[in-house]
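# Secondary and tertiary structure notes
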Amino acid sequence: MRPLPRWAAVGSTLYPTLRRIAPWLLPAVAGALLFAVFGTVPSRLDRTGTGGSEWVLPDLPDRAATAAEAAAVWVQRHPWGGAPPAEDPAAAAAAAAPVPVAIVSTASGHEAVFVIPGAGEVRTRAGDTLPDGGRVEQVDALSVAWIDGQGQRQEQQMLADPPRQLQPIP
């Protein structure tokens, strides 16, 4: 028997492999050829309708003016059943009764810490006046006594009495 030429051995080895990939390879090659003849690439597209201007960020509205308009709407509509706002917030804060929340012991004595709704906190000693017109009479390590703005005497034991509730400002 005569030996096969060198390329014949290669062909007999590749023939089964080509039979397996031919169903996939032939459509891919056909698609590439059709795209090369009839296809379009984005660089070949007609760009005459763009106008040549670049995109710029749109102008945003003024935040302060927008916030003022929103605040006016909220005040006008009284959302969720809210009461109309008070005419003078300073008068409403002054009318709120101070509530004792703590006693601070210092080297020079004791100070009572009162919270006034809407105005913050105030540290007072015995004899000092409160923002509502009242006066602190006595401050001990665990209690504070004062006369409120209406002239009634109040006393709070810090660890024994339940804490007083803050009244919200209308």
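A few points on the structure. (Residues numbered from 1 in each chain as written. Predicted model: local features only at pLDDT ≥ 70, side-chain atom pairs only at ≥ 80, totals over all residues. Heavy atoms only, no water.)

Looking only at helices and strands, one finds three helices and six strands in the chain. Helices and strands in the chain line up, N terminus first, as α-α-α-β-β-β-β-β-β. In the chain, which comprises 170 residues, the share counted as buried stands at 18%. Pairs at least 24 apart in sequence give 27% of the contacts found in the chain among residues at least 6 apart. When the accessible surface of the chain is split by element, carbon and sulfur atoms take 62% of a total near 13500 Å². (Helix = DSSP H or I, 4+ residues; strand = E, 2+ residues; numbered from the N terminus. Buried < 20%, exposed > 50% of the residue type's maximum accessible area, 1.4 Å probe, protein only. Contact = heavy atoms within 4.5 Å. Areas by Shrake-Rupley, 256 points an atom, 1.4 Å probe, with all protein chains shown as cover.)

Here we take up helix α2 (residues 63-77). Look at α2: 21 Å from first C-alpha to last across 15 residues, which is about the 21 Å you get at 1.5 Å a residue. Count one or two residues on from α2 and you reach His-78, which has phi positive near 50°. (Expected span 1.5 Å × (residues − 1).)

Next up on the list: the pattern of salt bridges. For the structure shown, the criterion picks out four salt bridges. Between Glu-111 and Arg-123 there is a salt bridge whose closest N-O contact spans 3.3 Å. You can see Glu-111 sitting in strand β2 (residues 109-116) and its partner Arg-123 sitting in strand β3 (residues 120-124), a full twelve residues away along the chain. With relative accessibility at 48%, the residue Arg-123 sits in the partly exposed group. (Salt bridge = Lys/Arg side-chain N within 4 Å of Asp/Glu carboxyl O.)

This part is about the pairing of β3. As paired elements, β2 and β3 share five bridges and run antiparallel to each other. Bridging from a neighbouring strand, Ala-112 pairs with Thr-124 of β3. (Pairing = 2+ DSSP bridges.)

Inspection of the secondary structure assignment puts Asp-132 in the loop between β3 and β4 (135-139). With relative accessibility at 18%, the residue Asp-132 sits in the buried group. A polar atom in the side chain of Asp-132 sits 3.2 Å from the backbone nitrogen of Gly-149. (Polar contact = N/O pair within 3.5 Å; in protein donor to acceptor, adjacent residues only side chain to side chain.)

Looking at the secondary structure, you find Gln-156 in strand β6 (residues 153-157). The spacing of Gln-156 and Pro-100 is 56 residues in sequence and 7.4 Å in space, taken between C-alpha atoms. The contact partners of Gln-156, leaving out residues within four places of it in the chain, are Pro-100, Leu-142, Ser-143, Val-144, Trp-146, Asp-161, Pro-162, Pro-163 and Arg-164.

Let us look at the environment of Gly-149. Following the sequence through the fold, Gly-149 ends up in the loop between β5 (143-147) and β6. Sequence-distant contacts of Gly-149, defined by excluding residues within four places in its chain, comprise Asp-132, Gly-133 and Gly-134.

By way of backbone hydrogen bonds, the strands of a sheet pair with one another, either parallel or antiparallel. If you trace the three strands from one edge of the open sheet to the other, you get β4-β5-β6, paired in antiparallel fashion. Edge strands, defined here as strands with exactly one partner in the open sheet, are β4 and β6. In this sheet, neighbouring strand axes are inclined to one another by 20° on average, regardless of whether the strands run parallel or antiparallel. Judged from the four bridges that link them, β4 and β5 form a sheet pairing that is antiparallel. When the sheet's bridge partners are listed, Arg-135 is paired in β5 with Ile-147. (Axes fitted to C-alpha atoms, helices over the stretch in contact; angles between N-to-C directions.)

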